[in-house]
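For reference, the chains in residue letters:
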Amino acid sequence: MTQPFADLDGLIRKTETASPMGLVLQKAIAILNDPASDANQLARVIQLDLNLAGLVLRLANSAYVAPLQRISSVRRAVSHLGQAQIKTLLFSAAAASFMDTPLPAYGLDRGVLWQHAVGMAAGARFLTASVSVVASEAAYTAGLLADIGMLTLDKLLPRGQAAPPGVADEQRLLGIDHATLGAEVAQRWRLPDLVVEAIRHHHTPTQARAAGQIAAALHLVDVCLVRNGLGLRPSPETTRPEPAALQLFNLTEDRFDRLFAALQPLIQSARSALGE
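Residues numbered from 1 in each chain as written. Predicted model: local features only at pLDDT ≥ 70, side-chain atom pairs only at ≥ 80, totals over all residues. Heavy atoms only, no water.

## Description of the overall build of the protein chain
Tallying secondary structure elements over the protein chain gives 16 helices and zero strands in all. For the protein chain, the C-alpha radius of gyration of 18 Å lies close to 19 Å, the compact-globule estimate for 276 residues. C-alpha atoms of the protein chain, sized along the principal axes, occupy 55 × 45 × 35 Å. Going through the 276 residues of the protein chain one by one, you find that 51% of them count as buried. (Helix = DSSP H or I, 4+ residues; strand = E, 2+ residues; numbered from the N terminus. Rg over C-alpha atoms; globule rule 2.2 N^0.38 Å. Buried < 20%, exposed > 50% of the residue type's maximum accessible area, 1.4 Å probe, protein only.)

In C-alpha cells, the structure reads:
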C-alpha cells in the first residue's frame, strides 16, 4: 500500500511560490474574502505587481467591458469591474503565471498546460451555465486551477516514461496525486468549498457530493480537450468519459464528440481576454 506523502505542507508551499505573483495574489484574495475590505485596499495590493495591474487595466478598457471613458488608474479599474470580475481575472492571471512552463515528466511542452487550463475553465463554465451563476463561476475557477498540482509533482516524478503518469501513477510513486494537491492549495487560499471539492474530484466525479455537477463538467471537458490534442498524451485513462457524467449533462457519445467544436470559440475568447 502506498504511503501518503509525508510533507504535504511543504508541497503546498512550493506550489504557492511557483508563481512570480504568488504573494501579491494571496494578499489580493485575502482582501476579496474580507467583507470589511474596500476597493482602495484591493487596488493598493494589485499595484504591487506590474503584470497584474496591466491585466486589470486592459480588461477595464476592453470592448467586453466598454467603459465610457478610458480608465487609466487601477483604483478606477477595480471600482468599474467589481469584485466578481476582479476575482476571475486574478485567478486567470495566476494560472497564466504558474502554468506557462514545460512539464517534462508529463511530456508537456511550454504553454500546453496553460492552454489546457483556459480550455478547462471556459468549457466547464459553458457546461454548468444552466445550473446556476454560482456553479458556473466556481467551475471557471476550478477549471483554471484543476491541474496546478502538476507543477510541483513534475519535479518529483521520474523522466522519460513510456506514457505520462496518470493519477494512479502519481499515487503509487509519490503517495499523492495532482488533484489532491491542487485541492489543498485551493483550500489554503480559502477558495469556496465547491471549488476545492471540484478540483479534488475532477478525475473522480462520481465521488464528489455538493460539487458533483462541477466535477463532472471538469472531467468531461478534460477528456474532450485531451482527445483533441490539448493536454496530456491520450491514454485509456484520459480519453474515456464517465457514463454518469455524460448522463448528468444529457450527452450521448455522439453529442460529446461534437463538444470540442462548441468549446473552440469560447477558448479563443478567454485567451483573447487575457491578451494572448
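## Observations concerning the pattern of salt bridges
Side chains bearing opposite charge may pair, as long as their charged atoms lie close to each other. On inspection of all chains with the given rule, the structure shows nine salt bridges. Notably, a salt bridge pairs Asp9 with Arg188, separated by 2.4 Å at the nearest N-O pair. In this pair, Asp9 is assigned in helix 1 (residues 8-16) and Arg188 in helix 11 (residues 178-188), connecting sequence segments 179 residues apart. The exposure class of Arg188 is partly exposed, given its relative accessible area of 37%. Of the charged contacts in the structure, one is a salt bridge between Arg172 and Asp169, with a shortest N-O distance of 3.3 Å. Pair noted here: Arg172 and Asp169 are both in helix 10 (residues 167-174), with a separation of three residues, about one helical turn. Linked through salt bridges whose partners overlap, the residues forming this network are Asp9, Arg13 and Arg188. (Salt bridge = Lys/Arg side-chain N within 4 Å of Asp/Glu carboxyl O.)

## Brief notes about the environment of Thr128
Relative to the helices and strands, Thr128 is located in helix 7 (residues 112-128). With a relative accessible area of 0%, Thr128 lands in the buried category. Between the C-alpha atoms of Thr128 and Ala217, which are 89 residues apart in sequence, the distance is 7.0 Å. Residues in contact with Thr128, not counting those within four places in the same chain, are Ala135, Ser136, Ala139, Gln213, Ile214, Ala217 and Phe249. Engagement of the side chain of Thr128 in a polar contact is seen with the backbone oxygen of Ala124, the distance being 2.8 Å. (Contact = heavy atoms within 4.5 Å. Polar contact = N/O pair within 3.5 Å; in protein donor to acceptor, adjacent residues only side chain to side chain.)

## Brief notes about the confidence of the model for the protein chain
Low pLDDT means the predicted atomic positions in that stretch should not be read closely. The predicted model of the protein chain has a mean per-residue pLDDT of 86, with 91% of residues at 70 or higher. For the protein chain, the element scoring lowest by mean pLDDT is helix 6 (residues 83-99), at 76; helix 13 (residues 212-227) scores highest, at 97. (pLDDT = per-residue confidence, 0-100.)

## Concerning the side chain of Glu184
In this structure, Glu184 sits in helix 11. Leaving out residues up to four positions away in the same chain, Glu184 has contacts with Leu8, Ile12 and Arg200.

## A closer look at the environment of Val185
If you trace the backbone, Val185 turns up in helix 11. Residues Val185 and Ala211 lie 26 residues apart in sequence; the distance between their C-alpha atoms is 17 Å.

## Examining the packing of helix 4 (residues 50-60) against helix 5 (residues 74-81)
Packing of helix 4 against helix 5 brings their axes to within 9 Å, and their N-to-C directions diverge by 55°. Taken together, the axis directions place helix 4 and helix 5 in an arrangement best described as oblique. As helix 4 packs across helix 5, the resulting crossing turns out to be left-handed. Note on element contacts: helix 5 touches helix 4 through Val74, Ala77, His80 and Leu81, opposite Ala53, Val56, Leu57, Leu59 and Ala60. Grouping the constituent residues of the contact of helix 4 with helix 5 by class yields eight nonpolar, one polar and no charged. (Axes fitted to C-alpha atoms, helices over the stretch in contact; angles between N-to-C directions. Parallel < 35°, antiparallel > 145°, perpendicular 65-115°, else oblique. Left-handed = near helix turned anticlockwise from the far one by under 90°. Nonpolar A, V, L, I, M, F, W, Y, C, P; charged D, E, K, R; others polar.)

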